[in-house]
Every structure is written in structure tokens, then in C-alpha cells.
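Fold and contact review
One-letter residues, chain by chain:
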Amino acid sequence: HVGDAIREAQKQSYIGSIANFLEAWQGGEEGFVRILSFKKGLREPFISISYRCLDPSVVCGDIINNTSSTILMSGTLLPTSMYKELLGLKDSQEVVFTDPFPKKNRLNLLIPKTTTKFTRRDEKQFQNIAKILAEIINIIPGNSAIFFPSYYLKDRIFDYFDRDSEKTIFTEKPNMTKSDKQEMLERFKGYKDIGAVLLAVASGSFGEGIDLPGDFLKGVIVVGLPLSNPDLEKKSLIEYFDKKFGKGWDYGYLFPAFNKTLQNAGRCIRSEKDKGIIAFLDERYLWPNYRRCFPEDWEITVSENYKGMINEFFKY
């Protein structure tokens, strides 16, 4: 009521949303977590409190199971068994369709020469990553996009990459507006004949939900794995899914992060006529724990002869 009165006078009020939050704070225990944390502010640290739902089945399980039929589909609903369990689905069917686009139009490369693993990060590693990135984008006949795990890594590698890149560079900035993003995409598309490169972040504005058909994008490179240091919410998620399914690390951390990788890779081939290369640049993609996360029908070539393979691919 106080919030309504303030909104009537000032057109805006935070009292109502605070009241709603405090009411929700008294909600259930199972499948939820309350987090109290200290965060850095622009001027001084502040305390943040949040009430998070860890288990989507608490909200949607009964709704879905009481409908006559529900169809859930996406290009990145993998593994389907995880979503079946997370959503609390009963008597459901899992169907995975193979990629309908011609395999000859896509070259999936795994280049195990570098890593963004936290304990291995140094200037030499950044230089090597930048060198490989420049070598690849310089021989791709058209536009390329490079996705990094974070803005920090993008900016650190950029200094070396900028020296070796022969193409115009577009780079994503944090907190871009919708109009800023659209304007950059339009300018980037304008380079389709001579080629440019877009540097973006896996979970940023360009990592998913944008369409750049084959005429506008001939290559995507995914640098490293978008794995973050688990915060309190992630740790709670891992612990909860471990207790409920015995798969805490996979469901709470690894699979959601790897789906970002697949979403980034999906920017390249958007139709049956598109042709392009997708390169995964990190030795960890070879590790069985990560290699198993790729779709079963993906033909992935592991090679350090990436320049020769890319040149050969674009000849035909």
C-alpha cells in the first residue's frame, strides 16, 4: 500500500518490490537457498541478500505433468536426460534429432595447443592464443567471430591479437544496449566481402540469440571453456543436485557452462546453405570429461595443422 501511494505521487517506488522480496524470503526451504554476501561497489562494499530457486521442478513439475502434452525443444537441450530430471518430468519421451545440415559444409576443429585454465594463465599463454587466433581469421575468406570465457581474457588477449590481425576488429563491451548491439552487427555485416572479426564473450550479448547467415559469418572460434569460479549460489546448486541426483557437478556446473560453448558454435551454421568452420581452442576439449559433452553426431577433427585444413576447406 505504501508503495502504491509513492508510485502515485512519484511514478516510481522500490518499496513494493522490497516488500515482495521480504515476503518471498519467508518461503519454502526445499529447493531454495538464501544467500548473504559481501560485494564490491563503486565506492564501498555492500551486503547483498537473495532468495533463489535451485530446483525448477518445484515451480513447473506439477504444471507440466498435469497437462495433456508438452513439447520442449531447443538446439542446446543436451543432455535431454538432465532436463527431464531437472524439470521433474514423468512419462516423457526423449527424442534427439541429428543435424539436418550437410556435414560437408562445416569443419569442426579441435586445436589442443593452448588453454585458458586458471592455473596456466600467463603472458606466454595469451600470446600463443592470440597468434593462433590471428592465423585462423586471416585465412578465413570473410567474417569471423571469436568467443572468450570472460571480458578479462578477451581484453588480455586482445593486446597481442591486435598486432597480428589483418582484419578490422569489432569488440563487445560490457552492458551494451540493444541499439548499440544492433548497430555493431550491421557494421560488422558490411565487411562480409573483405572480412572482419568480432571479439565477444561466451555469455555476453552476442553469444546466443543472434543470426548471422553464412554470407555474413564464415568462422567461429571458441576460446577456452566458459567455466567460472563457483560462487555461493553455484556451490549450493552443486550440493543440491548431488544430494537429489548424485550429479551435482554435471547438472549444477559443467553442462550449463558447456551449453554456452555449443550456443556460441551455433552462430556459424544457420541454414542448409551456410558454410563455415568452428574451432575449439583449448586442450581440455580433448579430456574425456569435456569431450563427452559434444553432440554425438558432431564430427570433430583434432589437428594442429589447422591452417592447411581451413585453406583446403574453403577451396570447394
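Residues numbered from 1 in each chain as written. Predicted model: local features only at pLDDT ≥ 70, side-chain atom pairs only at ≥ 80, totals over all residues. Heavy atoms only, no water.

This structure, assessed with the given rule, holds 18 aromatic pairs. Measuring from ring centre to ring centre gives 6.4 Å for Y251 and F255, while their planes differ by 45 degrees; the resulting arrangement is tilted. A residue pair is termed a helical-turn pair when its members lie 3 or 4 positions apart in one helix, as Y251 and F255 do in helix α9 (residues 248–265) at four residues. Comparing Y251 with F255, the two get one shared label, buried. Seen from their ring centres, F294 and W298 are 6.1 Å apart, and the 35 degrees between their planes marks the pair as tilted. Ring pairs connect the aromatic residues Y240, F241, F245, Y251 and F255, which therefore count as one cluster. Over the aromatic face of W25 sits the side chain of R34, whose NZ or CZ is 5.8 Å from the ring centroid. (Phe/Tyr/Trp six-rings, centres within 6.5 Å; stacked < 30°, edge-to-face > 60°. Helix = DSSP H or I, 4+ residues; strand = E, 2+ residues; numbered from the N terminus. Buried < 20%, exposed > 50% of the residue type's maximum accessible area, 1.4 Å probe, protein only. Lys NZ or Arg CZ within 6 Å of the ring centre and 35° of its normal.)

The pairing of strand β1 (residues 32–39) with strand β2 (residues 46–53) spans eight bridges and is classified as antiparallel. Paired with V33 across the two strands is R52, which belongs to β2. In this structure, the hairpin formed by β1 and β2 is closed by a connection of six residues. (Pairing = 2+ DSSP bridges.)

Let's shift gears to unusual backbone geometry. With phi around 50 degrees, D91 is a residue other than glycine that occupies positive phi space. When you line up the elements, D91 lands in the loop between α4 (80–86) and β3 (106–111). Of the residues examined, D91 reaches a relative accessible area of 84% and is grouped as exposed. Here N175, not a glycine, exhibits a phi torsion of approximately 60 degrees, which is positive.

This part covers a nonpolar patch on the surface. A contiguous nonpolar surface patch, about 460 Å² in accessible area, is contributed by L36, F38, I47 and I49. Secondary-structure elements contributing two or more residues to the nonpolar patch are β1 and β2. Of note, L36 is situated in strand β1. (Patch = residues over 30% accessible without salt bridge, like charges linked within 9 Å, V, L, I, M, F, W, Y side chains within 5 Å. Areas by Shrake-Rupley, 256 points an atom, 1.4 Å probe, with all protein chains shown as cover. Salt bridge = Lys/Arg side-chain N within 4 Å of Asp/Glu carboxyl O.)

Here we take up the sheet that holds strand β7 (residues 219–223). Pairing in this open sheet of seven strands is parallel, and the strands run β5-β6-β4-β7-β8-β3-β9 from one edge to the other. The sheet is open, and its two edges are formed by β5 (168–171) and β9 (300–302), each paired on a single side. Adjacent strand axes in the sheet meet at a mean angle of 20 degrees when their direction is disregarded. Direction of pairing for strand β4 (residues 144–148) relative to β7: parallel, over a ladder of four bridges. Bridge pairing links A145 to V220 in β7. (Axes fitted to C-alpha atoms, helices over the stretch in contact; angles between N-to-C directions.)

Under the 1.5 Å per step criterion, the end-to-end length of helix α5 (residues 123–139) is 25 Å for 17 residues, consistent within 8% with the ideal 24 Å. Inspection of α5 places Q125, F126, I129, A130, I132, L133, A134, E135, I136 and I137 among the buried residues, and these make up the whole buried set. The N-terminus of α5 is capped by D122, whose side-chain oxygen sits 3.2 Å from the backbone nitrogen of K124. (Expected span 1.5 Å × (residues − 1). Polar contact = N/O pair within 3.5 Å; in protein donor to acceptor, adjacent residues only side chain to side chain.)

With that settled, the discussion passes to the nonpolar core. In this structure, F206, F258, F280, Y285 and F294 are the most contacted members of the largest nonpolar core, which totals 41 residues. Counting residues per element, this core draws most heavily on α9, which supplies six residues. Each residue touching F280, except ones within four places of it in the same chain, is listed here: L109, L110, I111, V222, T261, A265, Y285, F294 and W298. (Core = buried A, V, L, I, M, F, W, Y, C linked by side-chain atoms within 4.5 Å. Contact = heavy atoms within 4.5 Å.)

Our focus in this paragraph is the environment of T70. Tracing the chain through its elements places T70 in the loop between α3 (57–65) and α4. Taking the C-alpha atoms as reference, T70 lies 37 Å from E172; in sequence the two are 102 residues apart. Among the polar contacts made by the side chain of T70, one reaches the side chain of T67 at a distance of 2.8 Å.

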